[in-house]
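Structural features, examined
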Amino acid sequence: MLPTDGVMSFPGQTWEKVLSKVKKAVVFMDDRCSESLHWNGGAALLFEAGARNIKQFSSFEACGQNEPKAVFVVSTVLKGRTADIIKDIISLSHFQYCVVFTTVPHSIHLLANNVTTDLEGNPVFEQFEEKLCEWMGDMNYTAEVMHAPVVFAPLTQQLHLLPAFSELFPLLEVDLEAINEKRPEKKRFGSLMDVDMHSLPPELQIQIKSLASALNALFEFISTREESFSVGPMSRLIAGELASHPQAKNRRKSAPNKASIVFIDRTLDLTGAVGHHGDNLVEKILSVLPQLPGHVTDVQVDMLELTHLKQTTDTKGILAPGCLVQNQSATARLLWETMLVAKQKEAVMEVRRQLVEAASKENLPIKMSLGRVTAEQLCSYVQLFRDSWGALESHSGVLQLGLAAAQALRHPALPRWDACLAFERLLLQALGDSDLAEVLKQLLPLIKSSESGTGSDSSELSVDDLLVLLVYVYSMAKEACPGGADEEKHVEKVENNLIGALTLRLTRQTSLSPLLQEITGVSGPEELTVERAHSALENVFQTLRGVSHARDHLKNFSSVYTPSDGAHQATYWPLLKQVLEEIFHPDRRECPDIEHMSGGLTDLLKTGFSMFMKVTRPHPSDHPLLFLFLVGGVTPSELRLIREVVSTHKSCTQVLVISTRLLRPSDVPHLLFRTDRLKPDIGV
């Protein structure tokens, strides 16, 4: 089996262990594992393997007397809150047989329990088995606890996500301050690049080690020896952890295949993550359609148009929603891959082509029309299927994707997308002509334009949109603000004006979005005081300043901005493109910003010998397979960019992308201003 085929079959393989235990069981699963299962075949996999029912992993769930067997699948450590929920479910049920799967390996459970030595066997899992029997009420009942790395979600053959790590995000200056607070004066870190694993809070250590362990399991499955590289401080920690993974040493000695893996911190380029580029259909679908409950990536597609029901309050929620993942149909899977990486115009035309083809196969009375594809046209094609149950069933995947495209194209929030794109273009040009303070001043009228802040006008920017625009500016701020004490004072003054204007806008909101509730810590406008709003916004700007310094340590990749030269306008220059251009450069130059993370003594010896003789250092383009791991998320536009750069360089290297999540612009403020990056939720 080729390594690339192995990468595609590995996620499904990890579920085999779970499937072998679910016969006649009720399965309780947390959201992160559910999302992984969703992209690996969905609930059908469990039912085909003999599961009786699937329930949410919650203290409010339980089973009846005639359901003696339970299987729990969790992405967390088996202690604290996770253990409490398992205990609650068992106490309310009548189980005689319990199986618990955790995606966190036993070695990391030892760390979570402050055991530093490697003990023989799996004592933590064995102790938990005893607890399970205790909770079931009979020590002779059966309990099993084991590790299964069910964390991979294959979105396409080229892209895998890790829902269990969707909240993992690179650290910023505010996090460095928090780390330094707990250290003696003389031992404080000067920059994030100096931070080591042992100085991180245990929760973050556990998450990074769990991630390295999952990647090690993948490389083991595809019999591959990897060379790890990193760009950015968080990537450096993860790559270092993978390089020194205790179980990887034997694999690296005997593995027949070779690959490179380059970890890149998302915070080094947030401009691309929040930009409303306007040329990718999936970015718009993800941004405007409601998310599937409990999911980070997939959305709800309204299926009402496949019926004759009218859109009323009575019919709302009457049908189960459709979604983007299509495991059953090869045609739908290919259509999804095209939608994800093609330009919007090409993607929409491909959706129309597939709908026309499906209708023709079923001899449905289709009226062909050329020219621009509209949402109404796509809907009219979809509606042809509603009177034929057989046709509906055969083409349900293509129909769901067709409806997703149509619902996004006619969504009332789309004018706001275009408004954000227009402002981004203005700000991009302004950055080259003015200093940062002047650019920030241009945002003041936008904040003040709606005193009520209701966002009733479809193209009017909400406070959430304004936060996204601020991230856009600050991610390129260093290019516009060369520094100096006077300039900093000027910027600070404008920032205070912005905080004042945003505070006023916030306190006049008639409702608070989920993001604003997270940032302010209140659930409604009636609880929001001026002091609380002001304090929350001060924290936001402190984080934004950290964003502007994220590339300070880089030499070659210190800018994502190409200024205007008179003939051409200023442009955004994606960091990912710069990294790939460097990797595939025909001269195979050594880049100081792409750091090789070695594992072991041989590399130290090489470094020592290189003082006396010429030793070629490993290069990311050395091997036929290259993994790009984007820590903190990747956008659909970047997937196309990767494809374009590789094809331009006519490289024989196959590039596969792994990331923590598929980003929409609105995700970034949540990850920046609300997520506790130092203490991720590990279920304890």
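Relevant structure appears above.
Residues numbered from 1 in each chain as written. Predicted model: local features only at pLDDT ≥ 70, side-chain atom pairs only at ≥ 80, totals over all residues. Heavy atoms only, no water.

1. Regarding the overall build of the protein chain
When you go through the protein chain residue by residue, the secondary structure sums to 29 helices and 14 strands. Computed over its C-alpha atoms, the radius of gyration of the protein chain comes to 26 Å, within 12% of the 26 Å expected for a compact globule of 684 residues. Considered along the principal axes of its C-alpha atoms, the protein chain spans approximately 75 × 75 × 55 Å. When each of the 684 residues of the protein chain is scored for burial, the buried share is 56%. Just so you have it, the protein chain exposes about 30200 Å², and 51% of that area is on carbon and sulfur atoms. When the 66 positive and 83 negative side-chain charges of the protein chain are each reduced to one mean point, those points stand 3 Å apart. (Helix = DSSP H or I, 4+ residues; strand = E, 2+ residues; numbered from the N terminus. Rg over C-alpha atoms; globule rule 2.2 N^0.38 Å. Buried < 20%, exposed > 50% of the residue type's maximum accessible area, 1.4 Å probe, protein only. Areas by Shrake-Rupley, 256 points an atom, 1.4 Å probe, with all protein chains shown as cover. Lys, Arg positive; Asp, Glu negative; His and termini not counted. Charge placed at Lys NZ, Arg CZ, Asp CG, Glu CD.)

2. Looking at the packing of helix 26 (residues 575–583) against helix 28 (residues 636–648)
When two helices pack together, their arrangement is given by the angle between the helix axes and the distance between those axes. In the contact formed by helix 26 and helix 28, the axes pass within 10 Å of each other and the chain directions differ by 25 degrees. In terms of axis orientation, helix 26 runs roughly parallel to helix 28. In this structure, helix 26 meets helix 28 at a crossing whose hand is right-handed. Packed against helix 26, whose contacting residues are Leu576, Lys577, Leu580 and Glu581, the element helix 28 presents Glu638, Leu641, Ile642 and Val645 at the interface. Among the residues making up the contact of helix 26 with helix 28, the classes are represented as 5 nonpolar, no polar and 3 charged. (Axes fitted to C-alpha atoms, helices over the stretch in contact; angles between N-to-C directions. Parallel < 35°, antiparallel > 145°, perpendicular 65-115°, else oblique. Left-handed = near helix turned anticlockwise from the far one by under 90°. Contact = heavy atoms within 4.5 Å. Nonpolar A, V, L, I, M, F, W, Y, C, P; charged D, E, K, R; others polar.)

3. Concerning a nonpolar patch on the surface
On the surface, a nonpolar cluster with roughly 250 Å² of combined accessible area is contributed by Leu309, Ile318 and Leu319. Its place among the elements puts Leu319 in the loop between helix 12 (281–288) and helix 13 (330–341). We classify Leu319 as partly exposed; its relative accessible area is 34%. (Patch = residues over 30% accessible without salt bridge, like charges linked within 9 Å, V, L, I, M, F, W, Y side chains within 5 Å. Salt bridge = Lys/Arg side-chain N within 4 Å of Asp/Glu carboxyl O.)

4. Brief notes about the nonpolar core
Among the nonpolar cores identified, the biggest contains 142 residues, and Leu440 and Leu470 are the most heavily contacted of them. Beyond its immediate chain neighbours, meaning those up to four positions away, Leu470 contacts Leu440, Leu443, Leu498, Leu502, Phe541 and Leu544. (Core = buried A, V, L, I, M, F, W, Y, C linked by side-chain atoms within 4.5 Å.)

5. Thoughts on the packing of helix 4 (residues 80–91) against helix 6 (residues 123–136)
At a minimum axis separation of 9 Å, helix 4 and helix 6 run at an interaxial angle of 30 degrees. The angle between helix 4 and helix 6 falls in the class roughly parallel. In the packing of helix 4 onto helix 6, the handedness of the crossing is right-handed. Counting all contacts with helix 4, which are made through Ala83, Ile86, Lys87 and Ile90, the residues of helix 6 involved are Phe128, Leu132, Trp135 and Met136. Across the contact of helix 4 with helix 6, the residue classes tally to 7 nonpolar, no polar and 1 charged.

6. Observations concerning helix 2 (residues 31–38)
Most of helix 2 sits inside the fold, with 6 of its 8 residues counted as buried. Looking at helix 2, one finds that the buried residues are Arg32, Cys33, Glu35, Ser36, Leu37 and His38. Buried residues along helix 2 sit in contact with helix 1 (3–19), strand 1 (26–29), helix 3 (43–48), strand 3 (69–74) and strand 6 (153–154).

Nothing here speaks to function; it is geometry throughout.
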